[in-house]
Amino acid sequence: MGNFTKALKTLEYDKILSMLAECASSEGAKGLIGAYIPETDSARVQKLLTQTSDAKHMTSMNGSPSFGGVKDVRDSVERAEKGAVLSLRELLDIADLLYVSSGLVAYSNTKNAECGSLGEIFDRIFKNPTLEKEIKRIIISEDTVSDDATPQLAAIRRNIRNTNNRIRDMLQGYITSPKYSKTLQDNIVTMRNGRYVIPVKVEHKSEISGLVHDASASGATLFIEPVAVVEANNDLRRLEAEERAEIERILTVLSGEVASFASALILNYSNIILLDSIFARAELSWRMRATEPVISDVIDLLGARHPLLDKNKAVPIDIKLGEDFDTLVITGPNTGGKTVSLKTLGLFTLMAQSGMHLPAKEGSRIRVFEKVLADIGDEQSIEQSLSTFSAHMKTIVSILDKADTSSLVLFDELGAGTDPVEGAALAVAITEMVREKGAWSASTTHYSEMKVYALETEGVCNAACEFDVKTLSPTFRLIIGAPGKSNAFAIAARLGLNSRVIERAHSLIDDDNKRFENVIEKLEADRIESERKLEEAEKLRREHEELLISAKSKAAADLAVAEREKERVLAKAAEIIENARATSDYVMRELEKAKKAVERSKASGEFERARANIRSSLRESRDKIDPVIEHKAENYVLPRELKKGDAVILIDINQQGVVADKPDKDGNVSVRAGVMTLKTSLKNLMLCEDAEGVIYTKEKKKRIPTPVVSESITKNFSPEIDLRGRNGEEARLELDKYFDDATVAGISTLRVIHGKGTGALKKYLWEFFRTDKRIKSYRLGNWGEGDTGVTIVELK
């Protein structure tokens, strides 16, 4: 700690530890945090930072674990090991520790838990639910043991209650008896020295024989234990002694069980407060909106915010050190943020080396130092008769003695408090000495000589706390690579100093200093202009990228819409073609059946039924293709009488044929359609010269071609379909087409395999079967058919 002692105080590290302690639940963890000292080993620092990150990840996934205000039980456990009997309070604290232990083990075993580097700590925590439950069963509170602790204690307490009641009943006889109304001072039963007594007037003491246990302060009342209850009181005292002995025996047994688990309890406590302190670091990281720094051989802090400033108001700064330069000279106006920048650099180093995340952007880098040496603030000491300058010099002497290649040195207002010429010379010389020792350093100053030194010396870099000359106020931004101006004249003028005084002061500055300040002013103006142009260019670049991304996104969306529309149209076309083929096959089968029926002299009935079936099938097919089809034949009347050889359209099946004979007297006519000859009504015919096979829809005309008989479905159709592995919608779509194919193939009994599983697919399919008009009936398969994993479907 000796390498950090002064820096810890100067950089207000203790305030950070106080913030961290507020995030801990247990006093033990708060004690651990209060003793934090920055580590100097890079591997150890990386381990601490990784633990903080892993704890942060776990809280983001499962929330924070409960540490339940765990108490330090180590002394109690050690006493139990030595044979001491623990108090009720001590045993309850041990039960609470065991409860938290079980909770932490459960937390580490949750589904989403990824313990990472914390796994080894969680694995060192032991559970003992038996001991925990036994303590909580026996001890109700820190001063009460349960009646049910043991059967013996329950019996003793039952006897105590009975004896108490017996004594009270006996004494109640004295209180309620008219005989003793003048003898008693008050009609009450009270206790003295653990025995029940009644208050008797001193002048009537002879009227009640018994033992006098006490007297009132005035001497007017004696507290007498009547002879009649002496034996009962003796019994009560004996029972109370037995109760105490039994409780002592119970506590002895529990203390022995604690002693047998002593090493695990002590280990549990140590690991729990360790985890509590780690999760406290994670909580502080959330509160500060901090990130894990990268351990590196350079310092590169991005968007660093001092943790003791309001996180919503603190201006983020970038600080670099060690890559191109090892010494940073920070200049700028007073109250411009120089000292805050210096403290941020030092405090971030101490925090990172203690395992804490830094309130900076992701990717910030930090180096591990063995020493952080700081001279910041007013070191004036009245007690030691030291001026500000002398006090600073004393600290600087100590720093120069300790500085080496593993040191970070911080100087605030180096060389201030004395003659400016000598102070500037000392500042340059001290900086050179620090560099000779190989230490890295950062200094704040107002000296122009230090600015020149930084400009002319390799490995030394200027940095400026930005000042807005328009508003005459600091912006608190740190600009690396440019020296800053003190802007004393501008600030003085803003505060109301007489302009003549300012002009006179300006005239007293020598020409070299004026030229140097003018150069700095011009550099600052050029830098601001360059930044403005860079910001404009960056803004244009971002706008261009956003437009490009938007255009690509819109093009992709349009392409996706087009693809979906293409798929929809193709699917609709395929559906129309399939329905047309199915209808054609069905029609031809029905016509073939009708032909056979004619040959068997059953023409009339079978033919009409066939025609009805065909007409119904065609309507259903038309509804599937387009529910708003309207045939041109509506209200159609033949323009002339038909004659043999006329080309006609059979309206109900939209099939072309040729008139084979003249119409009979009933208005029926024979028509040859393909290989078959049908007899139909004149109302069902339309001359081809009027129809030309055209069907109208509400949107547009479309020509329906003559159906072509397809035998592919009939040849390849299987009466069994396996739907296992499909979801409900996939299965429904597949079944819908399958039922159409079954109808075309002429198969009515189908075996649908859905499997047993959870029954969800079967339930979905049965709901579909219930509403499908093509289905006549359905049932579960019998033994040998597939049992409950199969449904047998009968089509109409």
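Residues numbered from 1 in each chain as written. Predicted model: local features only at pLDDT ≥ 70, side-chain atom pairs only at ≥ 80, totals over all residues. Heavy atoms only, no water.

(A) Representation of the sheet that holds strand β4 (residues 195-201) within the structure. Spatially, four strands are ordered β3-β4-β6-β5 in an open sheet, and the strand pairing comes out antiparallel. Both outer strands of the open sheet, β3 (190-192) and β5 (210-215), are each paired with one neighbouring strand and no more. In this sheet, neighbouring strand axes are inclined to one another by 50° on average, regardless of whether the strands run parallel or antiparallel. Sheet topology places β4 next to strand β6 (residues 221-226); four bridges connect them, and they run antiparallel. Counterpart to P199 in the pairing with β6 is F223. (Pairing = 2+ DSSP bridges. Helix = DSSP H or I, 4+ residues; strand = E, 2+ residues; numbered from the N terminus. Axes fitted to C-alpha atoms, helices over the stretch in contact; angles between N-to-C directions.)

(B) Up close: empty space enclosed by the protein. Overall, the coordinates contain two cavities of 30 Å³ or more when judged by the stated rule. Reported here for the second largest cavity is a volume of approximately 40 Å³. The leading source of residues in the lining of the second largest cavity is helix α13 (residues 388-402), at four residues. (1 Å grid on protein atoms, 1.4 Å probe; cavity = no way out; pocket = protein on both sides within 12 Å on 5 of 7 lines; lining within 4 Å. Points joined across faces, edges and corners; volume = space filled by probe spheres on them.)

(C) Quick peek at unusual backbone geometry. Even without a glycine there, the phi angle at N193 is positive, about 55°. Along the polypeptide, N193 turns up in the loop between β3 and β4. Residue E413 is not a glycine yet carries a positive backbone phi of 55°. Secondary-structure assignment places E413 in the loop between β13 (407-411) and α14 (420-436).

(D) Local environment of the packing of helix α5 (residues 74-81) against helix α10 (residues 227-260). At their nearest, the axes of α5 and α10 sit 8 Å apart, and the two run at 105° to each other. The orientation of α5 with respect to α10, classified from their angle, is roughly perpendicular. In this structure, α5 uses V77, A80 and E81 to contact α10, whose residues at the interface are S255, V258 and A259. The residue inventory of the contact of α5 with α10, partitioned by class, reads four nonpolar, one polar and one charged. (Parallel < 35°, antiparallel > 145°, perpendicular 65-115°, else oblique. Contact = heavy atoms within 4.5 Å. Nonpolar A, V, L, I, M, F, W, Y, C, P; charged D, E, K, R; others polar.)

(E) Focus on the pattern of salt bridges. As enumerated under the stated definition, the model contains 40 salt bridges in all. Note that E413 and K338 form a salt bridge whose closest N and O atoms lie 4.0 Å from each other. One end of the pair, E413, is in the loop between β13 and α14; the other, K338, is in helix α12 (residues 338-352), and 75 residues separate them in sequence. Here E545 ties to R541 by a salt bridge, and the two come within 2.5 Å at their closest N and O atoms. Linking E545 with R541, this pair stays in helix α18 (residues 511-599), spanning four residues, or about one helical turn. The network of salt bridges with shared partners includes D147, R157, R161 and E243. (Salt bridge = Lys/Arg side-chain N within 4 Å of Asp/Glu carboxyl O.)

(F) The arrangement of the sheet that holds strand β25 (residues 749-753) in detail. Spatially, β24-β25-β27-β26 is the arrangement adopted by the four strands of the open sheet, whose pairing is mixed. Lying at the two open borders of the sheet, with one neighbouring strand each, are β24 (720-722) and β26 (775-780). Adjacent strand axes in the sheet meet at a mean angle of 20° when their direction is disregarded. Of the pairings in the sheet, the one linking β26 to strand β27 (residues 790-795) comprises five bridges and is antiparallel in character. For Y778, the partnering residue across the bridge sits in β27 and is V793. Each of β25, β26 and β27 is contacted by helix α23 (residues 760-771), which is oriented at about 155° to β26, the strand it contacts most.

(G) Region of the structure containing the pairing of β13. Burial of β13 is extensive: five of the five residues sit out of reach of the surface. Burial along β13 is two-sided: S407, V409 and F411 and L408 and L410, pointing in opposite directions, are all buried. Here strand β12 (residues 371-375) runs beside β13; their pairing, made up of five bridges, is parallel. The partner of V372 across the bridge, within β13, is L408. Pairing between β13 and strand β14 (residues 440-444): four bridges, direction parallel. Directly across from L410, in β14, lies its bridge partner A442. The parallel pair β13 and β14, bridged by α14, forms a crossover whose chirality is right-handed. (Buried < 20%, exposed > 50% of the residue type's maximum accessible area, 1.4 Å probe, protein only. Right-handed = clockwise from strand over helix to strand, strands pointing away.)

(H) Structural context of α13. With 15 residues, α13 should cover 21 Å at 1.5 Å per step; its first-to-last C-alpha distance of 22 Å lies within 8% of that length. Residues F389, A391, H392, M393, T395, I396, I399 and L400 constitute the buried set of α13. On its buried side, α13 packs onto α1 (5-10), β12, β13 and α14. (Expected span 1.5 Å × (residues − 1).)

(I) Region of interest: the side chain of S108. Along the chain, S108 falls in helix α6 (residues 88-108). Only 2.8 Å separates the side chain of S108 from the backbone oxygen of V105, close enough to count as a polar contact. Once residues lying within four places of it in the same chain are set aside, the contact partners of S108 are A113, C115 and F122. (Polar contact = N/O pair within 3.5 Å; in protein donor to acceptor, adjacent residues only side chain to side chain.)

(J) A look at helix α8 (residues 129-138). Residues of α8 that are buried: L131, E132, I135 and I138. On an axial view of α8, the arc spanned by its buried residues comes to 145°, and they lie on one face. Those residues of α8 that are exposed and aimed more than 90 degrees away from the buried face are T130 and K133. Looking at the buried side of α8, the elements it contacts are α6, β1 (139-141), β2 (144-145) and α10. (Arc of directions from axis to C-beta.)

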